[in-house]
Amino acid sequence: MRTALLLALLCVLPASAAEPPKPVVLKAARLFDAKSGKLITPGVVIVTEGKITAVGSRAPVPAGAEVIELGDATLLPGFMDAHTHITGQPGEDWRQDVLDRLQRTVAERTVEALPYARTTLMAGFTTVRNLGGEDFIDVGLRNGIRRGRAVGPRIVAATSGLGTTGGHCDGGNSWRKGLLAQESGQGVADGPEALRAKVREHIKYGADLIKVCATGGVLSRNDDVDSPQLTQAELDAIVDEAHARKRKVAAHAHGAEGARRAIRAGVDSIEHGSFLDDEALELMKRKGTFYVPTMIALRGVRERYEKGLLSPEQIPKFKAAEASARQAVRKAISRGVRIAFGTDAGVFAHGRNAEEFALLVEAGLAPAEALRSATSVAAELLGLANQLGTLEAGKLADVVAVPGDPLQDIRRTQQVFFVMKEGVIYRNDRAAPPVVTR
Ligand SMILES: [Zn+2]
């Protein structure tokens, strides 16, 4: 009876579903152990049905497995970027960017985001935490990628950032009253209860976490980069509500006072942190708050500055942040604050994310710690450490490969040539005819 049922089932299933996909064996000269921060030689990862089933040179090779030889390369867990804006990228003129956004439908803007998602994945970033996207496009993109309708990284989506009237997350800043009323509305509220309601609304429409703009920003046009923009009570309400719903909170904060309020409220990470002082860093260390420095964001803004693309209001804010940020990151590293990798991609071109690794190393982070910041440490910040972040049996098969040894030269991370996400190979520039073992 049971056999008959099984046969009947097999008849209606497509052949591929009846035959489980072939196991894959990835082989390279080295493997980065994101737990210990050490290299293992040689690197061997066995993948079956989207998951890692065994790791290490002594792992038994299953019969019929496809063996992929990657040669003088290092296997690493898929990189994670804890701070992206994957639905957009700046053009040459910020006014035109705003008008384009207003004129285009949500569908058009979603289609325009598809290459950004693809480029990010091909650069080795198999997971991103998207910290701010309008009209819930990040939620749609996340779901489409999850369903296999688009190619891109796994997205942990914050939807639009929360903030107060006239703050960094208020898209209507510096425009005539009423002109950008809709842009203003999405994450903006004032007072603890109204912000609490925003948290509920964002979660209702698909937010995986909450982003809040605790201080001014570099690119917003009518606020100070370092002033706090929410009261302690407002931040407390946001974090209380988000955590009650099992959602993490990321706080954009440049200035120390706004950051301190956010840390006291219990946010999970501080983003940018250009003016973090000793007191704020000590508080982060004590509370275990992650720091996501996004150093490449200021490099991206510098490039725009050098091309004459910053507005007069943005220039002094950029210069002040740039003068202070490196020192803040150095201090955080020497104090042992947990550093998670994030870039702010979308403020500059997507796909350049891995440039952040070298900047972190230049600021004093050991190469192995820089790699951990984008793998095991980022997975912890994103709440995904039980599924991702290390190459271990039982985890999802997100694996990337870079040529040579990234501990000797961290810039190797900018040369990702192999990308696997959940067992599916999206890129292999060293592809050779497959070898089938018997
Ligand atoms: Zn950002």
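Residues numbered from 1 in each chain as written. Predicted model: local features only at pLDDT ≥ 70, side-chain atom pairs only at ≥ 80, totals over all residues. Heavy atoms only, no water.

Engineer: Describe the coordination of the zinc ion, naming the residues involved and giving the relevant values.
Structural biologist: For the zinc ion, the full set of protein donor atoms is His-83 (NE2), His-85 (NE2) and Asp-344 (OD), at a range of 2.1 to 2.2 Å. Of note, the zinc ion draws all its donor residues from one chain, in the sequence arrangement H-x1-H-x258-D. Of this pair, His-83 sits in strand 8 (residues 79–84) while Asp-344 sits in the loop between helix 12 (314–335) and helix 13 (355–362), and the two are 261 residues apart along the sequence. In terms of burial, His-83 and Asp-344 fall into one category: buried. (Donors = N, O, S within 2.8 Å, 3.2 Å for Na, K, Ca; no water. Helix = DSSP H or I, 4+ residues; strand = E, 2+ residues; numbered from the N terminus. Buried < 20%, exposed > 50% of the residue type's maximum accessible area, 1.4 Å probe, protein only.)

Engineer: Describe in detail the state of the cysteines, supporting the description with residues and values.
Structural biologist: This model, assessed by the stated rule, comprises 1 disulfide. Shown here is the disulfide that connects Cys-169 with Cys-213, its sulfur atoms set 1.9 Å apart. Because the torsion about its S-S bond is 40 degrees, the bridge between Cys-169 and Cys-213 counts as right-handed. With a gap of 44 residues between them, Cys-169 in the loop between strand 10 (154–157) and helix 6 (181–185) and Cys-213 in strand 11 (residues 209–213) connect regions that are remote in the sequence. For the residue pair Cys-169 and Cys-213, the accessibility class agrees, reading buried in each case. (Disulfide = S-S within 2.5 Å.)

Engineer: Give me the lowdown on the sheet that holds strand 17 (residues 424–428), citing residues and values where you can.
Structural biologist: Spatially, the 6 strands line up as an open sheet ordered 3-2-7-15-16-17, and their pairing is mixed. Sheet topology places strand 3 (38–40) and strand 17 at the edges, where each strand pairs with a single neighbour. Ignoring which end each strand starts from, the neighbouring axes of this sheet average 25 degrees apart. As defined by bridge partners, strand 15 (residues 399–403) adjoins strand 16 (residues 418–421) across 3 bridges and the pair is classed as antiparallel. Across the sheet, the residue bridging to Ala-401 is Phe-418, located in strand 16. (Pairing = 2+ DSSP bridges. Axes fitted to C-alpha atoms, helices over the stretch in contact; angles between N-to-C directions.)

Engineer: Which residues make up the domain arrangement of the protein chain, and what are the values?
Structural biologist: Taken domain by domain, the protein chain consists of domain 1 (11–77 + 390–436) and domain 2 (79–382). The C-alpha-based centres of domain 1 and domain 2 are spaced at 31 Å. Tallying the contact residues gives 23 residues for domain 1 and 25 residues for domain 2. Taken together, the two surfaces of domain 1 and domain 2 that pack against each other cover about 1900 Å², and 68% of this comes from carbon and sulfur. Linking domain 1 to domain 2 there are 3 salt bridges. For the salt bridge of Glu-362 with Arg-411, the shortest nitrogen-to-oxygen distance reads 3.1 Å. In this structure, the connection of domain 1 to domain 2 is made through 9 residue pairs in polar contact (both at pLDDT 80 or more). Those elements giving two or more residues to the side of domain 1 that touches domain 2 turn out to be strand 7 (73–77), strand 16 and strand 17. (Domains from an automatic or database assignment. Contact = heavy atoms within 4.5 Å. Buried area = accessible area lost by both parts, 1.4 Å probe. Salt bridge = Lys/Arg side-chain N within 4 Å of Asp/Glu carboxyl O. Polar contact = N/O pair within 3.5 Å; in protein donor to acceptor, adjacent residues only side chain to side chain.)

Engineer: Quick one: what's the story with the sheet that holds strand 13 (residues 269–272), residue by residue and with numbers?
Structural biologist: If you walk across this open sheet you meet the 4 strands as 11-12-13-14, and the pairing is parallel. Unpaired on one side and paired on the other, strand 11 and strand 14 (290–292) mark the two borders of the sheet. Neighbouring strand axes in the sheet, compared pairwise and without regard to direction, differ in orientation by 25 degrees on average. Where strand 11 lies against strand 12 (residues 248–253), 5 bridges are found, and the strand directions are parallel. Counterpart to Val-212 in the pairing with strand 12 is Ala-251. Contacts from helix 8 (residues 232–244) reach strand 11 and strand 12, with the element oriented near 150 degrees to strand 12.

Engineer: Which residues make up the packing of helix 8 against helix 9 (residues 256–265), and what values do they have?
Structural biologist: Two elements in contact, helix 8 and helix 9, have axes whose closest approach is 8 Å; the angle formed by their N-to-C orientations is 40 degrees. On the basis of their axis angle, the class for helix 8 and helix 9 is oblique. Considering how the two elements wind past one another, helix 8 and helix 9 form a crossing that is right-handed. On the side of helix 8, the interface is formed by Gln-232, Leu-235, Asp-236 and Val-239, while helix 9 contributes Gly-258, Arg-261, Ala-262, Arg-264 and Ala-265. Class assignment for the residues of the contact of helix 8 with helix 9 results in 4 nonpolar, 2 polar and 3 charged. (Parallel < 35°, antiparallel > 145°, perpendicular 65-115°, else oblique. Left-handed = near helix turned anticlockwise from the far one by under 90°. Nonpolar A, V, L, I, M, F, W, Y, C, P; charged D, E, K, R; others polar.)

Engineer: Describe the pairing of strand 8, listing the residues and the values that go with them.
Structural biologist: Burial within strand 8 is extensive, with 6 of its 6 residues counted as buried. With 4 bridges joining them, strand 8 and strand 9 (residues 125–130) adopt parallel strand pairing. By the bridge assignment for strand 9, Phe-79 is matched with Phe-125.

Engineer: So what about the packing of aromatic side chains? Which residues, and what values?
Structural biologist: Scanning the entire structure with this criterion turns up 6 aromatic pairs. Here the aromatic rings of Phe-341 and Phe-357 are separated by 4.4 Å at their centres, their planes lie at 40 degrees, and the arrangement is tilted. Of the two residues, Phe-341 sits in the loop between helix 12 and helix 13 while Phe-357 sits in helix 13, which places them 16 residues apart along the sequence. Here Phe-341 matches Phe-357 in class, with each residue buried. Feature note: the residues Phe-79, Phe-125, Phe-341 and Phe-357 constitute an aromatic cluster, connected by ring pairs. Cation over ring: Arg-338 sits above Phe-290, and NZ or CZ is 4.0 Å from the ring centre. Sitting over the ring of Phe-417, Arg-430 keeps its end group 4.2 Å from the ring centre. (Phe/Tyr/Trp six-rings, centres within 6.5 Å; stacked < 30°, edge-to-face > 60°. Lys NZ or Arg CZ within 6 Å of the ring centre and 35° of its normal.)

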